[in-house]
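Letter by letter, the chains look like this.
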Amino acid sequence: MNIVNTHSTSNEQTVNLAQAKLTETPIAICINGISQAVMMASPTDLDDFAVGFVIGEGLIEQASEVKSISITHLQQGIEVDLTVLARTEHHIKSKRRQLSGSTGCGLCGVDSIDTAMTLPALTPSTQSPPSRETIELARQALTSIQKEHGCIQGHHSAVYFDISGQFIAIREDVGRHSALDKLVGHIHRHEFKPSNIDSPYGGFLLMTSRCSHDLVIKAARGKFNVLITLAQPTNLAVASAQSIGLTLFSFVHGKLQQFS
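**Considering the nonpolar core**
The biggest cluster of nonpolar side chains holds 46 residues, and the ones touching the most others in it are Ile27, Phe49, Val54, Leu82, Leu205, Leu227 and Leu246. Top element by residues in this core is helix α2 (residues 46–56). It accounts for 7 residues. Residue contacts for leucine 227: discarding those within four places in its chain leaves Leu205, Met207, Cys211, Leu215, Val216, Ala219, Leu246, Thr247, Leu248 and Phe249. Membership of the second largest hydrophobic core comes to 14 residues, among which are Val159, Phe204, Ile228 and Leu256.

Laid out in structure tokens, this is it:
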């Protein structure tokens, strides 16, 4: 019997680790010292990530409910603890759940199908959606925006533009859901509101990924009415966007299509 040794030498392991340019770390998100989630994400912009995550999960509605943020680096991961208002903590305890999420997983640990499918209310915007020309120009500008902000190849980017296509903010992560969480948290923490936006967070979000149901939910809970993705949506994403009135554009085989 021939036995093939599949174990790498220590030198080979060192080389392989050095070649891995993308980083992910277990991030424990806590509220008032109680763990709410453990997610795999890139260890950057963790204050934005934590705030955006709890907004996207429906645990809080706005960043002003967070009094302070504490980040602790542990041996095997990072803990981000949000101190929230007492009334917010009471609300969270009534719906608290534990979840452990893999990279790119947006609904890990949800207790039931009904919970996963609960759609948030979305306040209608009085502004018109961006024109197709504006969306195309935003897509064309993406590469230069990513380079300007030191984005890493292989990461997903979530980008915020005002309705005219003016770049406002960008966040990135190895996971698309975490990239959106970081962007939502960043925008809410700094209360970006360009002068030509009439709703709390108008303009549009551009994601370098396909669109799934959970991205639609995160965008809606972040109070955004327009989501654009560079790859096609799932059938459930389209149905969810149509149900809540979120405008969804996606590029399918390089061609822009409006789905809701």
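**Thoughts on the packing of aromatic side chains**
Tallied over the full model, the rule gives 4 aromatic pairs. Ring centres 6.2 Å apart and planes at 55° place the aromatic pair phenylalanine 49 and phenylalanine 53 in the tilted group. Remark: phenylalanine 53 and phenylalanine 49 occur in helix α2; sequence separation between them is 4 residues, near one turn of the helix. In this pair, the class of phenylalanine 49 matches that of phenylalanine 53, namely buried. With centroids separated by 5.2 Å and ring planes inclined at 15°, the aromatic side chains of phenylalanine 161 and phenylalanine 204 adopt a geometry described as stacked. Of this pair, phenylalanine 161 sits in strand β6 (residues 156–161) while phenylalanine 204 sits in strand β8 (residues 204–207), placing them 43 residues apart in sequence. A residue is classified by how much of its surface remains accessible, and phenylalanine 161, at 1% relative accessible area, is buried. A relative accessible area of 0% means that phenylalanine 204 is categorised as buried.

**Brief notes about the sheet that holds β6**
In sheet architecture, strand pairing relies on hydrogen bonds along the backbone and comes in two forms, parallel and antiparallel. Ordered by their spatial adjacency, 6 strands build an open sheet running β7-β6-β8-β9-β10-β11, and the pairing between neighbours is mixed. Only two strands of the sheet have a single partner each, and these edge strands are β7 (167–173) and β11 (255–258). For this sheet, the mean inter-axis angle between neighbouring strands, taken without regard to orientation, is 20°. Across the face of the sheet, helix α5 (residues 132–148) comes into contact with β6, β7, β8, β9 (226–229), β10 (247–252) and β11 while running at roughly 125° to β11.

**What to know about the confidence of the model for the protein**
In the predicted model, the protein carries a mean pLDDT of 85, and 80% of its residues have values of at least 70. Low pLDDT, under 50, characterises residues 1–9; the stretch is placed with 1 contact to residues that sit more than four places away or in other chains. Low pLDDT, under 50, characterises residues 194–199; the stretch is placed with 18 contacts to residues that sit more than four places away or in other chains.

**Here's the deal with the pairing of β8**
Burial along β8 is two-sided: the face carrying Phe204 and Leu206 and the face carrying Leu205 and Met207 are both buried. Two elements, β6 and β8, share 4 bridges in a ladder whose sense is antiparallel. Across the sheet, residue tyrosine 160 finds its bridge partner in β8, namely leucine 205. Bridge count between β8 and β9: 3 bridges; the pairing is parallel. Residue pairing across strands places leucine 206 opposite isoleucine 228, the latter belonging to β9. Since β8 and β9 lie parallel, the crossover through helix α7 (residues 213–221) that links them has a hand, and here it is right-handed.

Calculation rules
Residues numbered from 1 in each chain as written. Predicted model: local features only at pLDDT ≥ 70, side-chain atom pairs only at ≥ 80, totals over all residues. Heavy atoms only, no water. Core = buried A, V, L, I, M, F, W, Y, C linked by side-chain atoms within 4.5 Å. Buried < 20%, exposed > 50% of the residue type's maximum accessible area, 1.4 Å probe, protein only. Helix = DSSP H or I, 4+ residues; strand = E, 2+ residues; numbered from the N terminus. Contact = heavy atoms within 4.5 Å. Phe/Tyr/Trp six-rings, centres within 6.5 Å; stacked < 30°, edge-to-face > 60°. Pairing = 2+ DSSP bridges. Axes fitted to C-alpha atoms, helices over the stretch in contact; angles between N-to-C directions. pLDDT = per-residue confidence, 0-100. Right-handed = clockwise from strand over helix to strand, strands pointing away.

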